[in-house]
Amino acid sequence: MAIHKKRTNDPEGMRRRVLDMAENSFQARGYHASSLGDLMAAAGVTGGALHHHFPTKKALALAVIEERVAAAVQKTWIDPVLAASSAREGVRAVFEAVAAELEQQGYVRGCPLNNLAHELSLADDEFRLALARIFAGWRRAIADKIRADQLDSGQGRTDPDRFAALAVAAYSGAMSMAKTSQDAGVLRECLRALEGFEPSQSGLTAKRRRRVLPRRMIG
C-alpha cells in the first residue's frame, strides 16, 4: 500500500504569515526599522519564499497598506458607520468602541493608517497614493452615509463632505495624541468637540459662541 505524505506546501498560508508579521512590525516599530531578515525569521520562511510573493520590501509594504490597513479601516470605521442608524451615531459608536478597546488593552500604538502616513507619505509617491486612496474611501463612505440619511429624513443642513473630513481629521488627530500621551480618553474629548460643531452647507458653523472682546474706549 502506497503511503501518501500530507502536503505541507501552503503558499497562501505563508503569504498570510508574512503579511501578519509585517503588519504587526510596521505598526509597532515602523517600516524603516523593520528588516526583511527579522520578518522572515518571525514568519518562519526563507528568503526565496518571501521574494516569490514580495520581490521587495516596498512591495510587501504596499500589500500591507492595500490589504491589511484598508481592511482595518473598513472593519473599524466604514462597516460600523454604514450599519448605524445614522452617520453621526456611527461616528460616535466608533470613537467610543475604539476608546474602550484601547483602555482594555492598556496601551496605544496608534492608528495603522496614521502611523504609515506619517512615516511614508513623503518618502515615496506610490506609498502616498496608496494611503491617500484609503483616506479618500473613508471620507467618501461617511459622506455617502450622511447623504443617505438626508434622503431618508428629507432634511439636513450638514455638508456631507465637510463633516466627513472633520470626522476623519478629529479621529486621526485624537489617535496621534492618544499615542503620544498613552491616554485613550483623548478620543472621548475629541468626540465631544466634534459633536459640538455643525459643518453646514453654507460653511463651518460652530455651535459654540464666539467671545467678542469689546473695543477699548479712548477718551
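Here we summarise the structure given alongside this text. The model shown is predicted, which means the values in this text are computed figures rather than measured ones.

1. What about the overall build of the chain?
- Counting its regular elements, the chain contains nine helices and two strands.
- In the chain, the succession of α and β elements from N to C terminus is α-α-α-α-α-α-α-α-α-β-β.
- A separation of at least 24 residues holds for 68% of the contacts in the chain among residues at least 6 apart in sequence.
- Within the structure as shown, the chain displays about 13,400 Å² of accessible surface, and the carbon and sulfur contribution to it stands at 53%.

2. Considering the side chain of Asp 159
- In this fold, Asp 159 is placed in the loop between α7 (125-153) and α8 (160-181).
- Buried charge without a salt bridge: Asp 159, with Arg 162 as the nearest opposite-charge side chain at an N-O distance of 4.2 Å.

3. A short note on the layout of surface pockets
- Estimates place the volume of the largest pocket at around 700 Å³.
- Lining the largest pocket are 29 residues; nearest its centre among them are Gln 27, Ala 72, Thr 76, Gly 110 and Pro 112.
- Contributions of two or more residues to the lining of the largest pocket are made by α1 (11-28), α4 (57-83), α5 (87-105), α6 (112-120) and α8.
- Considering each element in turn, the lining of the largest pocket owes the most residues, eight residues, to α4.

4. Side note on the pattern of salt bridges
- All told, the structure shown has 15 salt bridges when counted by the stated rule.
- A salt bridge links Glu 126 to Lys 58; the nearest nitrogen and oxygen atoms lie 2.7 Å apart. One end of the pair, Glu 126, is in helix α7; the other, Lys 58, is in helix α4, with 68 residues separating them in the sequence.
- Judged by relative accessible area, which is 45%, Glu 126 ranks as partly exposed.
- Residue Lys 58 is classed as partly exposed on the basis of its relative accessible area of 25%.
- A salt bridge links Glu 66 to Arg 133, with the shortest nitrogen-to-oxygen separation between them at 3.7 Å. Residue Glu 66 is found in helix α4, and its partner Arg 133 is found in helix α7; the two are separated by 67 residues along the sequence.
- Since its relative accessible area comes to 51%, Arg 133 is described here as exposed.
- Beyond isolated ion pairs, a larger network of salt bridges with shared partners links Asp 20, Glu 23 and Arg 68.

5. Things to note about the nonpolar core
- Residues Trp 77, Phe 95, Ile 142 and Leu 187 are the most contacted members of the largest nonpolar core, which totals 60 residues.
- Residue assignment for this core shows that the elements contributing at least two residues are α1, α2 (36-43), α4, α5, α6, α7, α8 and α9 (185-195).
- Every residue in contact with Leu 187, bar those within four places of it in the chain, is listed here: Phe 95, Val 98, Ala 99, Leu 102, Tyr 171, Ala 174, Met 175 and Ala 178.

6. Things to note about the packing of aromatic side chains
- All told, the structure shown has eight aromatic pairs when counted by the stated rule.
- Seen in terms of ring centroids, Phe 26 and Tyr 31 are 5.5 Å apart; in terms of plane orientation they differ by 65 degrees. Their pairing is edge-to-face. Note on accessibility: Phe 26 and Tyr 31 belong to one class, buried.
- Taken together, the aromatic side chains of Trp 77, Phe 95, Phe 135, Trp 138 and Tyr 171 make up a single cluster linked through ring pairs.
- The side chain of Lys 57 reaches across the aromatic face of Tyr 31, ending 4.4 Å from its centre.

7. Observations regarding the packing of α7 against α8
- At a closest axis distance of 8 Å, the pairing of α7 and α8 adopts a crossing angle of 130 degrees. Classified by the angle their axes make, α7 and α8 are oblique. Classified by chirality, the crossing of α8 by α7 is right-handed. Facing α7, whose interface residues are Phe 135, Trp 138, Arg 139, Ile 142, Ala 143, Ile 146, Arg 147 and Gln 150, α8 presents Pro 160, Asp 161, Phe 163, Ala 164, Ala 165, Ala 167, Val 168, Tyr 171 and Ser 172.
- A breakdown of the residues in the contact of α7 with α8 according to their chemical character gives twelve nonpolar, two polar and three charged.

The rules behind each value
- Residues numbered from 1 in each chain as written.
- Predicted model: local features only at pLDDT ≥ 70, side-chain atom pairs only at ≥ 80, totals over all residues.
- Heavy atoms only, no water.
- Helix = DSSP H or I, 4+ residues; strand = E, 2+ residues; numbered from the N terminus.
- Contact = heavy atoms within 4.5 Å.
- Areas by Shrake-Rupley, 256 points an atom, 1.4 Å probe, with all protein chains shown as cover.
- Buried < 20%, exposed > 50% of the residue type's maximum accessible area, 1.4 Å probe, protein only.
- Lys, Arg positive; Asp, Glu negative; His and termini not counted.
- Salt bridge = Lys/Arg side-chain N within 4 Å of Asp/Glu carboxyl O.
- 1 Å grid on protein atoms, 1.4 Å probe; cavity = no way out; pocket = protein on both sides within 12 Å on 5 of 7 lines; lining within 4 Å.
- Points joined across faces, edges and corners; volume = space filled by probe spheres on them.
- Core = buried A, V, L, I, M, F, W, Y, C linked by side-chain atoms within 4.5 Å.
- Phe/Tyr/Trp six-rings, centres within 6.5 Å; stacked < 30°, edge-to-face > 60°.
- Lys NZ or Arg CZ within 6 Å of the ring centre and 35° of its normal.
- Axes fitted to C-alpha atoms, helices over the stretch in contact; angles between N-to-C directions.
- Parallel < 35°, antiparallel > 145°, perpendicular 65-115°, else oblique.
- Left-handed = near helix turned anticlockwise from the far one by under 90°.
- Nonpolar A, V, L, I, M, F, W, Y, C, P; charged D, E, K, R; others polar.

Read these as layout, nothing more, since geometry by itself doesn't imply function.
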